[in-house]
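Observations on the model geometry
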Amino acid sequence: MSAPPREAIQKQIQQDWANREYIEVITVSIKKITDFLNSFDMSCRSKLAVLNEKLTTLERKIDYLEACVTKGETLT
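Residues numbered from 1 in each chain as written. Predicted model: local features only at pLDDT ≥ 70, side-chain atom pairs only at ≥ 80, totals over all residues. Heavy atoms only, no water.

The protein goes by Protein BRICK1-B in an unreviewed UniProt entry, where it is assigned to Aquatica leii. As its UniProt record puts it under Sequence similarities (unreviewed entry), the protein is described as follows: "Belongs to the BRK1 family." What UniProt states about the protein under its Subcellular location (unreviewed entry) heading is, verbatim, "Cytoplasm, Cytoskeleton". (UniProt positions renumbered as here; feature names shortened; annotations may be inferred.)

Here it is in structure tokens:
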């Protein structure tokens, strides 16, 4: 069995580099998507936490007002 011709080896090397470059592009793209999703997650969590605080405050105010109305107190 003889060694493959030089052109065949060069073609394999070029194909290998093309595959590696393609894999690198995909890897970088996946990392960018992951970074975006992590950033989006943190942003949403922060905004939801603020919204939750506001809702809790409103619920407390409603509870207070309901208690006042139940007792028949005026809101002055």
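Turning to its location among the elements, G72 is positioned in the segment after helix 1 (6-71). Linking G72 and S29, residues 43 residues apart in sequence, is a C-alpha distance of 64 Å. (Helix = DSSP H or I, 4+ residues; strand = E, 2+ residues; numbered from the N terminus.)

Time to look at the pattern of salt bridges. Under the criterion given, the structure shown has two salt bridges. The salt bridge partner of R20 is D16, with a shortest N-O separation of 2.7 Å. Here R20 and its partner D16 are both found in helix 1, four residues apart, which amounts to about one turn of the helix. Close ionic contact of D41 with R45 constitutes a salt bridge, the shortest N to O distance being 2.9 Å. You can see D41 and its partner R45 sitting in helix 1, four residues apart, about one turn around the helix. (Salt bridge = Lys/Arg side-chain N within 4 Å of Asp/Glu carboxyl O.)

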